[in-house]
Amino acid sequence: MKVWHELNIFWLIMFLIGAVFIMVRNVDGAGAVQTPQVKLVSLAVLFGFYLFIWVCQFITLYFIKSHK
C-alpha cells in the first residue's frame, strides 16, 4: 500500500503544479490571452481529469481488496 499512497501523492502534486501553471500564465500555447473566465474553465477541465483518475484508482482499489 505504500506505493499506492506515493502514487496518490504524485497525482496530487501534478494537479497542483498544473493548477499553478494555469493561474500564472497570461497567454496559452495558441497565443490566446487568458482571462479569469478561461482560467476557471481550464481549471475545471484539469479537475475533471484529476477526478477521473481518482475514480479509476478507487475502482482499482475496490477490485484489489475484493480479490484478497
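Shown above is the structure to which this text applies.
(A) Representation of the packing of helix H1 (residues 2-24) against helix H2 (residues 36-66) within the structure. At a closest axis distance of 9 Å, the pairing of H1 and H2 adopts a crossing angle of 175°. Here H1 is positioned roughly antiparallel relative to H2, judged by the angle of their axes. Across the interface between the two elements, Trp 4, Leu 7, Asn 8, Trp 11, Leu 12, Phe 15, Gly 18, Ala 19, Ile 22 and Met 23 of H1 pack against Lys 39, Ser 42, Leu 43, Leu 46, Phe 47, Phe 49, Tyr 50, Ile 53, Gln 57, Thr 60, Leu 61 and Ile 64 of H2.

(B) Local environment of H2. Between its terminal C-alpha atoms H2 stretches 44 Å, which fits the 45 Å expected from 31 residues at 1.5 Å a residue. On the buried face of H2, the contacting elements are H1.

(C) Structural detail: the environment of Tyr 62. Position of Tyr 62 relative to the elements: it lies in helix H2. For the pair formed by Tyr 62 and Arg 25, sequence separation is 37 residues and the distance between their alpha carbons is 38 Å.

(D) Inspection of the side chain of Gln 57 at higher detail. Relative to the assigned elements, Gln 57 resides in helix H2. The exposure class of Gln 57 is buried, given its relative accessible area of 13%. Reaching out from Gln 57, the side chain makes a polar contact with the side chain of Asn 8 at a distance of 3.2 Å. If we ignore the near neighbours within four places in the chain, the residues touching Gln 57 are Trp 4, Leu 7, Asn 8 and Trp 11.

(E) Structural detail: the side chain of Lys 39. One can find Lys 39 in helix H2. Buried and unpaired, Lys 39 has Asp 28 as its nearest opposite-charge partner, separated by 11 Å. Apart from the residues lying within four places of it in its own chain, the contact partners of Lys 39 are Ile 22, Met 23, Arg 25 and Gln 34.

How each quantity is defined
- Residues numbered from 1 in each chain as written.
- Predicted model: local features only at pLDDT ≥ 70, side-chain atom pairs only at ≥ 80, totals over all residues.
- Heavy atoms only, no water.
- Axes fitted to C-alpha atoms, helices over the stretch in contact; angles between N-to-C directions.
- Helix = DSSP H or I, 4+ residues; strand = E, 2+ residues; numbered from the N terminus.
- Parallel < 35°, antiparallel > 145°, perpendicular 65-115°, else oblique.
- Contact = heavy atoms within 4.5 Å.
- Expected span 1.5 Å × (residues − 1).
- Buried < 20%, exposed > 50% of the residue type's maximum accessible area, 1.4 Å probe, protein only.
- Polar contact = N/O pair within 3.5 Å; in protein donor to acceptor, adjacent residues only side chain to side chain.
- Lys, Arg positive; Asp, Glu negative; His and termini not counted.
- Salt bridge = Lys/Arg side-chain N within 4 Å of Asp/Glu carboxyl O.

Remember, this is a structural readout, not a statement about activity or role.
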